[in-house]
There are 2 protein chains.
Amino acid sequence: MASRAKATIFDIAREAGVSKSTVSLVLQGSGLIRPETAVKVRKAIEDVGYVYNRGAANLRKAHSNVIGMVINDLTNPFFAELAVGMERVFQSAGIVPFIANTAENPVRQEEVLKSLMEQGVAGLIVSPARGTTPAAFRRLEMAGVPIVFAMRRLPESRIPVITPDNHRGAYLATAHLIGKGHRQLAFFGGSSDLVVYQERLGGFREACETLGIAARDALVVEGETSRRGGIACLETALAMAEPPTAALCFNDAVAFGVMLALRKRGLEPGPDFAVVGFDDVVEAEHYMPALTSVAVDTPGLGERAAHVMLKMIQSRTTRAEDHIGAVNLVVRESCGPDRRALNRQPGKGGPL
Amino acid sequence: MASRAKATIFDIAREAGVSKSTVSLVLQGSGLIRPETAVKVRKAIEDVGYVYNRGAANLRKAHSNVIGMVINDLTNPFFAELAVGMERVFQSAGIVPFIANTAENPVRQEEVLKSLMEQGVAGLIVSPARGTTPAAFRRLEMAGVPIVFAMRRLPESRIPVITPDNHRGAYLATAHLIGKGHRQLAFFGGSSDLVVYQERLGGFREACETLGIAARDALVVEGETSRRGGIACLETALAMAEPPTAALCFNDAVAFGVMLALRKRGLEPGPDFAVVGFDDVVEAEHYMPALTSVAVDTPGLGERAAHVMLKMIQSRTTRAEDHIGAVNLVVRESCGPDRRALNRQPGKGGPL
DNA sequence: TTGATTTATTGGAACGTTCCATTTATAGCA
DNA sequence: TGCTATAAATGGAACGTTCCAATAAATCAA
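Residues numbered from 1 in each chain as written. Chains lettered and ligands numbered in written order. Predicted model: local features only at pLDDT ≥ 70, side-chain atom pairs only at ≥ 80, totals over all residues. Heavy atoms only, no water.

*Asks:* It is not clear to me how empty space enclosed by the protein should be interpreted in this structure. Could you clarify?
*Replies:* Rolled over the atoms, a probe with the dimensions of a water molecule shows which regions are left empty. Overall, the coordinates contain 3 cavities of 30 Å³ or more when judged by the stated rule. Of the volumes computed, that of the second largest cavity is approximately 40 Å³. For the second largest cavity, the full set of lining residues is H286, Y287 and M288 of chain A together with L260, Y287 and M288 of chain B. (1 Å grid on protein atoms, 1.4 Å probe; cavity = no way out; pocket = protein on both sides within 12 Å on 5 of 7 lines; lining within 4 Å. Points joined across faces, edges and corners; volume = space filled by probe spheres on them.)

*Asks:* Looking at this model, I keep getting lost on the relation of the copies chain A and chain B. Mind explaining?
*Replies:* Both copies of the chain are related through a single rotation about an axis accompanied by a shift along the same axis. When chain A is fitted to chain B, the best match, at an RMSD of 0.1 Å, comes from turning it 180 degrees and sliding it 0.1 Å along the axis. Considering both components of the superposition, the chain copies are consistent with a two-fold axis. When the interface residues of chain A are mapped onto chain B, 100% of them again fall at the interface, so both copies present the same face. (Least-squares fit on C-alpha atoms with pLDDT ≥ 70 in both. Contact = heavy atoms within 4.5 Å.)

*Asks:* Teacher, can you tell me more about the interface of chain A and chain B here?
*Replies:* Quite often, the size of an interface is put as the accessible area lost when its parts meet. Contact residues are listed per partner, giving 50 residues for chain A and 50 residues for chain B. When chain A packs against chain B, close to 4,800 Å² is buried across both sides, 58% of that on carbon and sulfur atoms. The interface formed by chain A and chain B holds 6 salt bridges in total. Mapped by element, the contributors of at least two residues to the side of chain A that touches chain B are α4 (54–61), α5 (77–92), β2 (97–101), α6 (106–118), α7 (138–142), α11 (252–264) and α12 (282–286) of chain A. When residues of the side of chain A that touches chain B are assigned to their parent elements, the largest contribution, 7 residues, is made by α6 of chain A. For the side of chain A that touches chain B, a count of residues per class yields 26 nonpolar, 11 polar and 13 charged. (Buried area = accessible area lost by both parts, 1.4 Å probe. Salt bridge = Lys/Arg side-chain N within 4 Å of Asp/Glu carboxyl O. Helix = DSSP H or I, 4+ residues; strand = E, 2+ residues; numbered from the N terminus. Nonpolar A, V, L, I, M, F, W, Y, C, P; charged D, E, K, R; others polar.)

*Asks:* Is there a simple way to explain the sheet that holds strand β8 (residues 246–249) of chain B in this structure?
*Replies:* Paired through backbone hydrogen bonds, the strands of a sheet run either parallel or antiparallel to each other. Residues and elements named next belong to chain B. Read across the sheet, 6 strands follow the order β7-β6-β8-β9-β10-β12 without closing on themselves; strand pairing throughout is mixed. Each having just a single partner strand, β7 (218–221) and β12 (328–330) make up the two edges of the open sheet. In this sheet, neighbouring strand axes are inclined to one another by 20 degrees on average, regardless of whether the strands run parallel or antiparallel. The pairing of strand β9 (residues 274–279) with strand β10 (residues 292–295) spans 4 bridges and is parallel. Residue G277 lies in a different strand from β10, and its bridge partner there is S293. (Pairing = 2+ DSSP bridges. Axes fitted to C-alpha atoms, helices over the stretch in contact; angles between N-to-C directions.)

Structure, rendered in structure tokens:
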């Protein structure tokens, strides 16, 4: 049974009493071969325990069907959701995407990209690691490999991008906070080396300006994009002379951290301090209290990215349009009105 | 610059004025070539924008350096942690593991496995999808591909397994609950088609028997292994005539769901109903209240699995020993003593 | 100087496919 | 029956590497 040397189409050919070419045709489902012959060959394939050697085939065909997905942080459930969306569409196209993690490390990313290239990928969907330079993709671009960026863009690069409307999302969330009566706002987490950060912060700032919040009342605290970062941000903010009463967080992880830190101080997220997240990961809904967050339809973006990729491969081009995904604010329990605002106008009513 | 046809070692050879064989030697870092020649060749490699064709090489060498990781649920942060651990060791071995997701679907798993085989993987680390039959791996085994199962085992299979000591973990957790004075215990979530479930449930049962809990006071509620499953389990349990006062959950996700459902009913996890999780994912510590859970050192298991894999590849064997990882109970805030027990013996003291 | 050794380099065959150009078999038609 | 048109099957070359055996160049011993 356990034949030592692996079987090739020649073995199948001998077994079935046909030529290697016939076997190859059968393997590719060509309509040129007689049905009975095909049956015979397929039986032989089973019998010898054949496994197709895609490497050898690619050598001749010059294009694989491997699509790589390069992700900067597998640990963030957000990216898992993205991956799931992509897989849905690739699966129905009969292709299996391979995922590789760069752990937010540009050096590691270089290795991953190199490995994927050597493997002869047909295309790449990438959420670039922080600090990536456009040079990292020059090789790929020269080789004509289709690439699409998901969720993150590089400062100056002509590679197509699929991303949510970060600016608008931040604007919506901030407007909501202001509408609740908050006048001292904060933006928590993230740092300016991320384009996404600039976009979200931009939306926050624009909302503040447009809706009459003085610049000095819009506090910006940079920090890690994690629970821990959120905790740190809140500590910093509450230590100030005129602390904010509400915060828009760079992402949900930061928001969770903020809520945690509030609780630790005996404050209740929502009534005592309003917090809004960004991304609306599944946990947001299940948190206590449930987190108000900007929903970006992550799996949907994954699907989009996959479709664009498929189209690029099919039309053998390396260019495509950017896609800016719609966002919407999902209001839950984590942001009540400003208490002081309520005191000022006692008749103004309840939480909604 | 953007040469249409991709460069081969022949192009390099021409550029550098040497033979293809010399180029090949340089590529492999052979000590046989004169340093100056090597330099010349390496320059040519840069100049022509060469990318190594691993497929072609494997055709000759018959063993790739690709290792695949097949995961049943990318969405569960638990598996991301496992992946991270593995990547640590593979990275230092200079190899890039490719991750593929089966979404707990045996059919999808079949496709993934097939694709990986065709790609000529050197080895596979697999957390099999629920309902996998040993037959799914026969092909791989016949081909002599080293396989390691991580976290889950198949009922009857000689493939080596890396798994935490589920039985012991469940025993410890249950004993802890009983030590707190609980007499009506429940086991929430999971279903018996999972070997892991049987192991954990086994530990629970053994602790109950050994420590004097009657079988009729040990309630078992099967359910999804997710937050939602946890919510459902709690509802079911509390609807009973003599509801439990504490539960060991199949995993942390179930535990989170249980805590959520408790809160929804106005009960406080810990004081009103003790809950213990399993796996100790990072969120457990950050939850409110922090979840008591059985820590299994997931990244450590990932590292173990990777090491075993490397060793198998190196010694070209397909056999290895199982590894049962140590576990320990991390006590946090989610399980107080049974209130009724306190009432019975008021002097018995505080939560610990 | 010559032959024996060592050091660097090279050509050719092989790996397992695909695809093109042929060949062979089958059927259709006058 | 012979001839063409169609269908089915085939052999050979090519894809980009690696590895072995062989050659060429440099060094050494006598």
